[in-house]
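# Analysis of the macromolecular model
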Amino acid sequence: MNVVILEGQAERNSEFRLTKAGGSMATLRFRTEGGKGAFDFHNVVAFGTEADTLGEIVEGQSLRVEGRLRTRSYVSNDVKRYSTEVVASSIKVIATASS
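Residues numbered from 1 in each chain as written. Predicted model: local features only at pLDDT ≥ 70, side-chain atom pairs only at ≥ 80, totals over all residues. Heavy atoms only, no water.

Here the focus is the packing of aromatic side chains. The tally for this structure, following the rule as stated, stands at 0 aromatic pairs. In this arrangement the basic side chain of Arg31 is found over the ring face of Phe39, its NZ or CZ atom lying 5.1 Å from the centre. (Phe/Tyr/Trp six-rings, centres within 6.5 Å; stacked < 30°, edge-to-face > 60°. Lys NZ or Arg CZ within 6 Å of the ring centre and 35° of its normal.)

By the secondary structure assignment, Ile5 is in strand E1 (residues 4-10). Take Ile5: its relative accessible area is 49%, and that puts it in the partly exposed class. In the structure, Ile5 is positioned 22 residues away from Thr27 in sequence and 17 Å away in space, judged by C-alpha atoms. If we ignore the near neighbours within four places in the chain, the residues touching Ile5 are Arg64, Val65 and Glu66. (Helix = DSSP H or I, 4+ residues; strand = E, 2+ residues; numbered from the N terminus. Buried < 20%, exposed > 50% of the residue type's maximum accessible area, 1.4 Å probe, protein only. Contact = heavy atoms within 4.5 Å.)

On average, residues of the protein carry a pLDDT of 92, and 96% of them reach 70 or more. Per-residue pLDDT, averaged within each element of the protein, yields its smallest value for helix H1 (residues 49-54) (92) and its largest for E1 (96). (pLDDT = per-residue confidence, 0-100.)

Quick look at the nonpolar core now. Leu28, Phe30, Val44, Leu54 and Val65 are the most contacted members of the largest nonpolar core, which has 16 residues in total. Listing elements by their share of this core, those giving two or more residues are E1, strand E3 (24-35), strand E4 (38-47), H1, strand E5 (62-76) and strand E6 (79-95). Once residues lying within four places of it in the same chain are set aside, the contact partners of Val65 are Val4, Ile5, Leu6, Phe30, Val44, Val86, Ala88 and Ser90. (Core = buried A, V, L, I, M, F, W, Y, C linked by side-chain atoms within 4.5 Å.)

Following this line, the structure appears as structure tokens:
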């Protein structure tokens, strides 16, 4: 079973865009506490209605993200690279960013 549930904060403002097919997509850099004051960083991607929600997230907001892990590969400067991200199926704002 491929299930991920994370609670943490938006590291920066989300990015929203339309796909070539006309659907919506949003990405977010997300951080969770890794223990002893350290943080773990995650890339979150969402499509469709969840992308609309994710696209409104701003830096510092606390969130609960549920979804699945996806690893994809790409070539950069003739080197094959891999990226693992959380594909969100549910996004809930826990607290808004402090002003």
